[in-house]
Amino acid sequence: MRDRIAIAMSGGVDSLMAAALLTEAGHEVFGLHFFSGFQGCKALPESLVRACALLGMELFGVDLSAEFSAHVTDFFVSSYARGLTPNPCMACNRAVKFGALLERARGMGASRLATGHYARLVEAPGGGRALAKAMAGEKDQSYFLALVPKERLALTEFPLGGLSKERVRAMAAERGLSGLVKTESQEACFLGDGSLREFLELAGLAPCPGPIEDEAGKILGTHQGVHAYTVGQRRGIGVPAATPLYVLELDPARNRLIVGPEERLYARTARVREINWLVARPTDPLRVAARIRYRHREADATLVPASDGSAALCFDHPQKAVTPGQGAVFYQGDRVLGGGWIENAAP
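Our subject in this report is the structure included herewith.

How each quantity is defined
- Residues numbered from 1 in each chain as written.
- Predicted model: local features only at pLDDT ≥ 70, side-chain atom pairs only at ≥ 80, totals over all residues.
- Heavy atoms only, no water.
- Core = buried A, V, L, I, M, F, W, Y, C linked by side-chain atoms within 4.5 Å.
- Buried < 20%, exposed > 50% of the residue type's maximum accessible area, 1.4 Å probe, protein only.
- Helix = DSSP H or I, 4+ residues; strand = E, 2+ residues; numbered from the N terminus.
- Contact = heavy atoms within 4.5 Å.
- Bend = angle between axes of the 7 residues up to and from the residue.
- Axes fitted to C-alpha atoms, helices over the stretch in contact; angles between N-to-C directions.
- Parallel < 35°, antiparallel > 145°, perpendicular 65-115°, else oblique.
- Left-handed = near helix turned anticlockwise from the far one by under 90°.
- Nonpolar A, V, L, I, M, F, W, Y, C, P; charged D, E, K, R; others polar.
- Salt bridge = Lys/Arg side-chain N within 4 Å of Asp/Glu carboxyl O.

**What about the nonpolar core?**
And then number 1: Counting 48 residues, the largest nonpolar core has F34, L101, L131, F158 and F190 as its most contacted members.
And then number 2: The set of elements that each furnish at least two residues to this core consists of strand 1 (4–8), strand 2 (28–35), helix 3 (65–81), helix 4 (88–107), strand 5 (119–123), helix 7 (196–202), strand 16 (327–332) and strand 17 (335–346).
And then number 3: Ranked by the residues each element gives to this core, the list is headed by helix 4, at 9 residues.
And then number 4: F34 has contacts with Q39, V62, L64, F68, C92, V96, K97 and L101, leaving out every residue within four places of it along the chain.
And then number 5: If you look at the next biggest cluster of nonpolar residues, it comprises 27 residues, including M9, V13, L55 and Y118.

Below, the structure is given as C-alpha cells:
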C-alpha cells in the first residue's frame, strides 16, 4: 500500500538513504528538516535541497527551536547544575524528534515518521510492534530510542535497521548521494565547535570553586565547579596523588567533588527513575541485560520494580562508573523492554 511518510532529514547519509529506500519502495515521501535554533540560520542546507531534488521528494523546514530549548538544552543545563551527566539525544528523541516533529508530520498528512536510526521495529508477542536492536550490532542505536513512548514508536519507521553502516555508504554511492552529505552528527549537536564548559558558562553555570575531597572528607584541592566534572573522570582533576584519582561523586548541594581510587568506581546496584516501559510494566523482579550508557557493554542484571515507579537495577557483577543522569536501557535478547534515568548508584 502506498503510504505518505515523512522523514526527518539531517543531511547525513543515513537519513538520505532511508528516504531513498522508502521512495524506491513506492511510498509518497517528503522530508522534514527541523531547526533547533543552533544552526545559525533557518535556511534549508543547499546540499540537502539538492539531495531531495535528486530523490524527487519535497523538503520542508520546521522551526522547533522553542521545543528544543525547553526539552533539550534547558534540560541539559539544569541536569549539570544538579550534578548529573545528561544524555541530550535521548531527551531530544523523546520530546522533539518523536514528539513535536512527529506531530507536525501527522498534521501534514503523514501516516508515519521515518528516521535514519539503526534500529528495528519487530512483531511483538500478542500483536503490535516492538523496538529491537539493529541487525548490525556495532551501529545499533536502539539505546537512544528507549525513552520514546510505545504509542509514538508505533508511528515510526526505521528503514536502515537491517543494514550495516558500510552497506548504507555503498548504497548511497551507487545512487550518487555520497557527495551531497555532511559530516556525521555529534551527540551534543548544539555545542558546535565550542566546549562543554564554554556552553555551560554561557548558559549561566559560571565557575564556582569548591573543595575536592576524598571519601573520608579530607580536602585534597579545589575544583572550579562540580558541573565541569562527571563520575569516572580521571583527567583534569588536578590533584597530585601516588595512585590515579577518579571522580566518584558530585555533591552540588555542598559544592564538593569526591574523588578516590579506581576500585571505588564500581557499583552493585543503581536506582532508575522515570522508566518508559515498552512492555507491560512488571511487578516482579525481571532478568535483563542492561546498558548504562551508549558504548557500555550490556551487563546481566535483575531489575526490581518499586511501588513508586522506579526500579533497582542489581548487577550480577559490579559495573564501573554508573553515572547519575545517564540513561539505563533494559534488553531481553534483541528486544528493548524500556529505559529510564539513573538516579544514583551504590558500591
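**Remarks on helix 4**
And then number 1: The sharpest bend along helix 4 measures roughly 30 degrees and falls at R94.
And then number 2: Within the span of helix 4, buried status applies to P88, M90, A91, C92, N93, V96, F98, G99, A100, L101, L102 and A105.
And then number 3: Of the residues trailing helix 4, G109 is marked for its positive phi of about 90 degrees.

**Brief notes about the environment of P318**
And then number 1: One can find P318 in strand 15 (residues 311–320).
And then number 2: Classification of P318 by relative accessible area gives partly exposed; the value is 33%.
And then number 3: Between the C-alpha atom of P318 and that of A299, which follows or precedes it by 19 residues, the distance is 9.1 Å.
And then number 4: For P318, the residues in contact, after removing those within four places along its chain, are Y266, A267 and R268.

**Here's the deal with the packing of helix 1 (residues 13–24) against helix 2 (residues 46–55)**
And then number 1: As a packed pair, helix 1 and helix 2 sit with axes 10 Å apart at the nearest point and diverge in direction by 15 degrees. Classified by the angle their axes make, helix 1 and helix 2 are roughly parallel. Seen along the crossing, helix 1 lies across helix 2 with a hand that is right-handed. Of the residues in helix 2, those touching helix 1 at L16, A19, A20 and T23 are L48, A51 and L55.
And then number 2: Residues that form the contact of helix 1 with helix 2 fall into these classes: 6 nonpolar, 1 polar and no charged.

**A few points about the pattern of salt bridges**
Side chains carrying opposite charge are able to pair once their charged atoms draw close together.
And then number 1: Within this structure, the stated rule accounts for 18 salt bridges.
And then number 2: The shortest N-O distance in the salt bridge between R129 and E157 comes to 3.8 Å. Taken together, the residues span a long stretch of sequence, with R129 in strand 6 (residues 129–133) and E157 in strand 7 (residues 156–157) at a distance of 28 residues.
And then number 3: Put simply, R264 and E215 hold a salt bridge, and the shortest N to O gap is 2.9 Å. Residue R264 is located in the loop between strand 11 (256–260) and strand 12 (266–277), and its partner E215 is located in the loop between strand 8 (210–213) and strand 9 (219–223); the two are separated by 49 residues in the primary sequence.
And then number 4: Within the structure, one salt-bridge network assembled from shared partners comprises D3, R112, R129 and E157.

Coordinates in, geometry out; function isn't part of it.
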